[in-house]
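# Architecture and fold: a report
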Amino acid sequence: MEIKDSKFVMSNTDHRLCPPPVLPEFAFIGRSNVGKSSLINMLTQRKNLARISVQPGKTQLINHFLIDDRWYLVDLPGYGYAKVSKKSRAQWQRMIDGYLTHRINLMCTFILVDLRIEPQANDQEMIDKFGANQWPFALVFTKADKLKPAEVTTNYELYRQSLLERWEELPPMFITSAEKATGRDEVLAFIDKTRQLFDAEAAARDFGNR
Ligand SMILES: Nc1nc2c(ncn2[C@@H]2O[C@H](COP(=O)(O)OP(=O)(O)OP(=O)(O)O)[C@@H](O)[C@H]2O)c(=O)[nH]1
Ligand SMILES: [Mg+2]
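Residues numbered from 1 in each chain as written. Chains lettered and ligands numbered in written order. Predicted model: local features only at pLDDT ≥ 70, side-chain atom pairs only at ≥ 80, totals over all residues. Heavy atoms only, no water.

### Quick look at the layout of surface pockets
Definition in use: Put plainly, a pocket is an open set of points on a 1 Å grid over the protein atoms alone with protein on both sides within 12 Å along at least five of seven lines, a cavity is a set where a 1.4 Å probe fits but cannot get out, and a lining residue has an atom within 4 Å of a point. Grid points are joined across faces, edges and corners, and a volume is the space filled by probe spheres set on the points. Strands here mean DSSP runs of E at least two residues long; helices mean DSSP runs of H or I at least four residues long; both are numbered from the N terminus. Each residue is assigned to one of three groups, with Ala, Val, Leu, Ile, Met, Phe, Trp, Tyr, Cys and Pro labelled nonpolar, Asp, Glu, Lys and Arg labelled charged, and all others, Gly among them, labelled polar.
Of the voids in this model, the largest pocket is the one considered here, and its volume is about 690 Å³. If you trace the largest pocket, you find 27 residues lining it, with Gly-78, Ser-88, Arg-89, Trp-92 and Gln-93 closest to the centre. At the level of elements, α2 (86-102) and α3 (121-133) are the ones that each hand at least two residues to the lining of the largest pocket. Here the lining of the largest pocket gets eight residues from one element, more than from any other, and that element is α2. Considering only enclosed or pocket space, the second largest pocket measures out at about 510 Å³ in volume. In this structure, the second largest pocket is lined by 26 residues; those nearest its centre are Asn-33, Gly-35, Ser-38, Ile-52 and Lys-143. At four residues, helix α1 (residues 36-44) tops the list of elements feeding residues into the lining of the second largest pocket. Its residues assigned to classes, the lining of the second largest pocket comprises six nonpolar, 13 polar and seven charged.

What follows is the structure, encoded as structure tokens:
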């Protein structure tokens, strides 16, 4: 799949104000600075579609991007940034929980983890939350360009093992680099395949209403 057109639609703090849930949607979540916004720019081949910063905590809102007038990419604010007040953390939790629980057109959430570092407690909590709620998710390892190929393999394997200690089934997993566009085709192919499940459901509903 290729992306021809991408545009920013709106930013929100509340899932109820997000665009009508009539198109399939894919969200990106992960620790601050892991590379969510960079990945969205890499996938859409746009330099500044989603805002990037060397400072963690750049993305503060739920940001919708409309792709080819057919589906949405959603950039979510990161977690785990130490310099965040208790109040903001609670606000983040409310906003994210509301979005993840109620967004009915959310086909899959990509949980991003930094391939350079060992599994972090807050990432594992996020993965466990998706598992416990049976929310569809995929894992995206970021910043692969910052590692040697052998380290990529070793760290990926360590992560896989740590997941298998807690889960019987593994989610889809992608190794990526926003810098080198690694994993772009794989992620887009996965989105394309998953997106069609939404179309099928909509078609089935229409059929039922006839
Ligand atoms: N080398 C390299 N740097 C990356 C990659 N992805 C992101 N970065 C850098 O990591 C930093 C953070 O990237 P962002 O895309 O803003 O991260 P984010 O997850 O959206 O961060 P928040 O919005 O703060 O939650 C920036 O300096 C990026 O240039 C990558 O694949 N390779
Ligand atoms: Mg961001």
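### Examining the site of ligand 1
Basically, it comes down to this: Throughout, the term near means that a residue has one or more heavy atoms lying within 4 Å of the molecule or strand in question. Polar contacts here mean pairs of N or O atoms no more than 3.5 Å apart (in protein, one a potential hydrogen donor and the other a potential acceptor; neighbouring residues in sequence count only if both atoms are side-chain atoms). A cavity or pocket is said to hold a molecule if more than half of that molecule's atoms lie within 2 Å of its grid points.
Of all residues adjacent to ligand 1, which total 22 residues, the nearest are Lys-36, Ser-38, Gly-57, Thr-59 and Ala-178. At 2.9 Å, a backbone N or O of Gly-35 approaches an oxygen atom of ligand 1. Comparing atom positions with the cavity grids shows ligand 1 to sit within the second largest pocket. Taken together, the residues of the shell around ligand 1 sort by class into five nonpolar, 10 polar and seven charged.

### A word on the nonpolar core
Inclusion rule: Put simply, a nonpolar core is a bunch of buried Ala, Val, Leu, Ile, Met, Phe, Trp, Tyr and Cys residues held in one set by side-chain atoms that sit within 4.5 Å of each other. Relative accessible area decides the class of each residue, using a 1.4 Å probe on protein chains only: under 20% of the type maximum gives buried, over 50% gives exposed, and in between gives partly exposed. It only takes one pair of heavy atoms within 4.5 Å for two residues to be counted as in contact.
By size, the foremost hydrophobic cluster in this structure holds 31 residues, and its most contacted members are Ile-29, Leu-76, Tyr-99, Leu-100, Ile-111 and Leu-139. The set of elements that each furnish at least two residues to this core consists of β2 (25-30), β3 (62-67), β4 (71-75), α2, β5 (106-114), α3, β6 (137-142) and α4 (149-164). Those residues in contact with Ile-29, other than ones at most four positions away along the chain, are Lys-36, Leu-76, Tyr-79, Trp-92, Ile-96, Leu-100, Thr-109, Phe-110, Ile-111, Leu-112 and Met-126. If you look at the next biggest cluster of nonpolar residues, it comprises 26 residues, including Ile-3, Phe-26, Leu-43 and Ile-67.

### Re the sheet that holds strand β7 (residues 173-175)
The criterion, for reference: A pair of strands counts as paired when DSSP detects no fewer than two bridges linking them. Helix axes use the C-alpha atoms of the stretch in contact, all axes being lines fitted to C-alpha atoms, and the angles between their N-to-C directions lie in the range 0 to 180 degrees.
Read from one edge of the open sheet, seven strands run β1-β3-β4-β2-β5-β6-β7, paired in mixed fashion. What marks the edges here is a single partner per strand, and that holds for β1 (6-12) and β7. Pairwise comparison of adjacent strand axes, ignoring direction, gives a mean angle of 25° for this sheet. In this structure, β2 lies alongside β4, joined through four bridges in parallel fashion. Bridge assignment links Phe-28 to a residue of β4, and that residue is Asp-75. Packed on one face of the sheet, α4 meets β5, β6 and β7 and runs near 160° to β7.

### Some points on the pattern of salt bridges
Short version of the rule: Any carboxyl oxygen of Asp or Glu within 4 Å of a side-chain nitrogen of Lys or Arg constitutes a salt bridge here.
In the structure shown here, the tally under the stated rule is 11 salt bridges. Its salt-bridge partner being Arg-16, residue Asp-14 comes within 3.0 Å of it at the nearest N-O pair. We note a salt bridge from Asp-192 to Arg-195, for which the minimum N-O separation is 2.8 Å. With Asp-192 and Arg-195 both in helix α5 (residues 184-209), this residue pair falls three residues apart, about one helical turn. The exposure class assigned to Arg-195 is buried, which follows from its relative accessible area of 11%. Three or more residues are tied together by salt bridges with common partners; here these are Asp-5, Lys-7 and Asp-69.

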